[in-house]
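Here are the chains, one letter per residue:
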Amino acid sequence: MFVGRTAEVALLRAELRVAGGGRARRVVVEGPEGIGKSALVHHTLGGEAGVRVLEASGEESERQLRLGVLRQLAAEVAGPAETRQDPCAAGQALCDLIDGMQADGPLVVLVDDAQWADRTSLLALGYVLRRVRTGRVLMLFACRDLADPWLPDGLRRLLTGDDTLRIPLDGLTAADLAALATPTPSPDPTRPSDPLRSPDPARWFDAARSLDSTRSSDAARCSDLTRSPDLARLTDATHSPDRTQSSGQVRLSDGAGPSERPSGVCDPEQLADRVSGRAAGVPEPGRVGDRAPGLPEPGRIAEWAAGSAGAGRAVGASGVGWDGGRAMGGCGEWAAGGLSEVAAVRLHAHTLGNPLHARALLAAVPAGVLDDPGTRLPAPATYLRPFMRRLGACGGAARQLVAACAVLGGPCPLHVAAAVATGVDEPLNALEEAVAAGVLRELPGRLIDFPEPLARAAAYDSLGAGARARLHLAASLLADDTGTALRHRAAAAGGPDEALAEELVGFAAKAAQHGQWQEAAAHLDLAAGLTESAARRDELRTAVLEHVLVGGDVVRAAELAAARNADPRPVRRYVLGRLALAAGRFEEASELLAEAWGHREPGFAADVAEQLAWLHLVTGDRAAAVSWARLAIEQPIEGAVARPYDVLALGGAPGAGAPSDSLAAAVGHLAADEAERAGAVLRRVVAKAAVPHHRLLATALLAAAEHRAAHWDGAAAPAEHAGAEAAWLGQRWLLPCLEAACVAPLAAVGEHERARAHLAAARDAARELGHALGAHQADLAAALLGDESAPAGDWDAFVPDPRPGRIEALVADGRLEEAGKTLAAFDESGAARRTGPRGQAERIRLDGLLLAARNVPKQAEESFRRALALVESGVCPLEEARVLLDLGRLLRRTGRRKAAAEQLAAARAIFERLEARPLVDRCAHELEACGLEPPATVRLGLTPQELSTAMLVAGGLTNRQIARELLISVKTVEYHIGKIYTKLGIGSRVALAAKLATFGETS
């Protein structure tokens, strides 16, 4: 199976087409052993019909055979091999052969493994390259490194010149490696086609996190090329390490059927440290044993998982790539019978995407080994053999230096590695020898490291158990921090060591005090492995589970919880209940937390009460949530990570004593219509939050605050990233809130498709989890989009109140009595009694709209001017611009067009600054109707109102939404659309959009 290399295949095909047109071309495919040079070349040529190929390949054992490669090129075509030994004469003979063959059709002269070709053949090929300038010829070389001193200087200059296309090959992506290990499955008619409609929760999460393979780097590099039909499928041996040398025969490609590149995630190098494990035996801070369950650097997973969210791709939207990946309770499969996402990312990080070594490793280790980040990956035989040959050629001092570096992990200082090693009297000489052999590399600052992860794995695997223990113990004596020293001592231990285990527990406690939950978990796990008592070991593993869970990684916590553990203490019920809540299993969480609360042990009672408060909040019982939050505050021992004041605030009952930099404080500011102050608090919370779910919620609330403060430029992107990260971590209970929070900022800037995708994801998640709070927020978001009436219920911090928009829509529909009743209900609910100027101005503006619709223009104008006085001069730019727009409309419809144009122009300037595209368009329509904008109606033959309607139809709005935008009835919209169709001679919305695009009138 051939996978990936989309850009490279396109480049090769483009060069072949140019050569087929009569312009000779030169191409070099360059890359290390096993990277897939031959596979790429043969795959590309195998799909091109009518192309003749002269093929030869170098062989290391035949490097001294004069004209060995050239004889391969000529033997099958030109009869007996050349007997002359002159490179120029041999080259001329090949030129004559090429000249004769290219007359019959395009010809490719392929030299594979050019680094092993004999010197005389290389000189002859240089002669050929200098003379083959025209004709239907592609000279194609595959070589490991053009800097190889074996290549003649003249040939090197030709192959690196401007007239030669160089195609360097990097490793495959993790998705490509997964495809390489996966047979193409037959379609399953029982499998849901839409991951978001699947009954399997794992598929929903993976859909929220996946990315299209078309966003991968190789697709981007060839986006400007015209792609020909896909090439023929090769056999599964295309990337096999058992590839044989070419026979040199001339072959004629017959061009088979198309091959497919599977969709998948983008290159996940940012996640390598997250899930790859380590080649050596010393776990790093933040790792449980050798595993890496901890949170990534804030934002890095989100950027990877949500990559294109800011460019039109919504987290949770359907139609994404792989399904089934990192799922609750373990790692699902990316495709039937294939690798899980975690396994593929680990494989990529370990092999750097080299298909030769990846396939060898897949054949050597069971799938479960790749799935478990706690298991160290070995070096496959394809890498180990040549590495050990290079290492064996080094002297004893160099080998000792390599062994010390393998134990220390790179990069490490040279003097430290020399001190850990034994028998290294001249470290610089030993380093020089190891670098020359290709087993180490020197970095700036006299640091040393392995050239790639497989090298470290091979070096560590070559050490015996005793040698490893001695080196780890020596490394512990030189470590410059306690944690590193403890980890080396643990790796050197030959059996249970209770004293060392207690030291590790003590260090973990200090790490937890500083919010380093994953590092604490790593040391607790090491302590459990050094403990002889089974009961004590289970207690420590419960602590590991709790620290991993508090650190945010619900997926890894679920894997740990599935392991056998006989810990009978109530604290384990609390930890399992917390896990169930985070995973969205609310009934199970209720049972476990209630059981833990029944024991009410002081050490974790506050945490249990806080978790019960969150549980009741998300399941819709705000009164119970507030009661449990107050109970948490009353406990004598405060929970290490408890935030009960946050639950109080979100439950609508903020309590005194909340920290100034907390979600609770920010929610209070939002409730008081102080969006700017809320945003400032939330930015500090996001930057300092030690617990991931606090940070994720703060990020979503920050999007809401930015939207209300009219900071619309990119307001939704952080919330989308937070949703993607929550899905990756398995924090399912947060997903409905995070998805719903994205709707308003996106709708404000006209991103209706993305907004609706988030709305659908919020509803699906809420329905699946029984998440009452999320369902209410989704209903509010739907009302914001005009899909339905605003639901009854309490104010929500994540989604703005949709009732003002609903009142505007009712006025536009002419349903004035209903609009008046809705406004009265809005007042009675207390939502309109706000102390902030924005809320007051909005309430007065709504009065003005009703008065204008009731044909009381004088009083309406007074209302608009009173509202304007509250928010002008930058107090609230968004509301100021809305008032100006409504005032401008009123002035235009009462015949004062010049005054109206002044107000509308001022409104448009503000909306343009805010990047509120729908409102900018609305101002433009009104200005056109004033007759003071250059008319666009003449060319189309439409009235201003018809043009406004047509542009909104082309923008994808429904008739009801258009009515709301233009403050007209739905029947009037329908009338205008009928007139537009008649005048333009079209019959559909698609045709209308195309017509407007032709005239450059799309919004």
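This report concerns the structure included in the present document. Because the structure is predicted, anything quoted here is derived from the model rather than measured. (Residues numbered from 1 in each chain as written. Predicted model: local features only at pLDDT ≥ 70, side-chain atom pairs only at ≥ 80, totals over all residues. Heavy atoms only, no water.)

1. What about the packing of helix α47 (residues 944–954) against helix α49 (residues 970–984)?
This is how it is decided: Axis angles are defined between N-to-C directions and span 0 to 180 degrees, where every axis is a line fitted to C-alpha atoms and, for a helix, only to the segment in contact. Per the convention used, a helix needs a DSSP run of H or I reaching at least four residues, while a strand needs a run of E reaching at least two, with both numbered from the N terminus. Our angle categories are set so that under 35 degrees counts as roughly parallel, over 145 as roughly antiparallel, 65 to 115 as roughly perpendicular, and the remainder as oblique. Two residues form a contact once any of their heavy atoms are found within 4.5 Å. Residue type decides the class: Asp, Glu, Lys and Arg count as charged, Ala, Val, Leu, Ile, Met, Phe, Trp, Tyr, Cys and Pro as nonpolar, and the leftover types, Gly among them, as polar.
It is the contact of α47 with α49, at a shortest axis distance of 9 Å, that shows an interaxial angle of 90°. Relative to α49, the element α47 lies roughly perpendicular. Residue-level contacts link Q945, E946, T949, A950 and V953 of α47 to V973, H976, I977, K979, I980 and K983 of α49. For the contact of α47 with α49, the class distribution of residues is 5 nonpolar, 3 polar and 3 charged.

2. A word on the side chain of N354
As a reminder, the rule being used: Here's how the labels work: a residue is buried when its accessible area is under 20% of the maximum for its type, exposed when over 50%, partly exposed in between, all with a 1.4 Å probe on protein chains only. Polar contacts, as used here, are pairs of N or O atoms within 3.5 Å; protein pairs need one atom able to donate a hydrogen and one able to accept it. Residues neighboring in sequence count only if both atoms are side-chain atoms.
Here N354 lies in the loop between α12 (341–351) and α13 (355–364). For N354, a relative accessible area of 6% corresponds to the buried category. At 2.9 Å, the side chain of N354 forms a polar contact with the backbone oxygen of E33. Among all residues touching N354, those that are not within four sequence positions of it are E33, G34, I35 and G171.

3. A word on helix α44 (residues 897–914)
Note that an α-helix has 3.6 residues per turn; residues three or four places apart therefore point the same way. Which entries qualify depends on this criterion: To estimate the expected span of a helix, subtract one from its residue number and multiply by 1.5 Å.
The end-to-end C-alpha separation of α44 is 25 Å, in line with the 26 Å expected for 18 residues at 1.5 Å each. Within α44, the full set of buried residues consists of A900, A901, Q903, L904, A907, I910, F911 and L914. In the core, the buried residues of α44 are packed alongside α43 (877–893) and α45 (917–930). Positive backbone phi, approximately 60°, marks E915, located one or two places after α44.

4. Details of the pattern of salt bridges
Rules: The term salt bridge refers to a pairing of a side-chain nitrogen on Lys or Arg with a carboxyl oxygen on Asp or Glu at a separation within 4 Å.
Within this structure, the stated rule accounts for 43 salt bridges. The residue E768 makes a salt bridge to R732 at a minimum N-O spacing of 2.4 Å. Placement of E768 in helix α37 (residues 752–769) and of R732 in the loop between α34 (716–729) and α35 (735–741) is noted, with a sequence separation of 36 residues between them. Owing to a relative accessible area of 32%, E768 belongs among the partly exposed residues under this scheme. The buried category is assigned to R732, whose relative accessible area is 9%. In this structure, E861 and R865 form a salt bridge, with 3.1 Å as the shortest nitrogen-oxygen distance. Of this pair, E861 and R865 are both found in helix α42 (residues 857–871), 4 residues apart, which corresponds to roughly one turn of the helix. Take R865: its relative accessible area is 38%, and that puts it in the partly exposed class.

5. What to know about the sheet that holds strand β10 (residues 441–443)
To keep it simple, the criterion reads: Whether two strands pair comes down to DSSP finding at least two bridges between them.
Spatially, the 3 strands line up as an open sheet ordered β9-β11-β10, and their pairing is antiparallel. One side of each edge strand has no neighbouring strand; the edge strands of this open sheet are β9 (412–413) and β10. Examined bridge by bridge, β9 and strand β11 (residues 447–449) share 2 bridges and lie antiparallel to one another. Bridge pairing in β11 links C412 to I448.

6. Overview of the packing of aromatic side chains
What counts, and what does not: Side-chain rings of Phe, Tyr and Trp (the six-membered ring for Trp) are treated as a pair once their centres are within 6.5 Å; stacked means planes under 30 degrees apart, edge-to-face means over 60, and tilted covers the remaining angles.
Evaluated as defined, the whole model comprises 4 aromatic pairs. With a centroid separation of 5.8 Å and an interplanar angle of 15°, the aromatic rings of Y574 and F604 are classed as stacked. Taken together, the residues span a long stretch of sequence, with Y574 in helix α26 (residues 570–582) and F604 in the loop between α27 (586–599) and α28 (605–618) at a distance of 30 residues. Given a relative accessible area of 6%, F604 falls into the buried group.

7. Here's the deal with unusual backbone geometry
For L67, which is not a glycine, the phi torsion comes out positive at approximately 60°. For L67, the position within the fold is in the loop between β2 (52–57) and α3 (68–75). Phi at L352 is positive, roughly 55°, even though this residue is not glycine. Secondary-structure assignment places L352 in the loop between α12 and α13.

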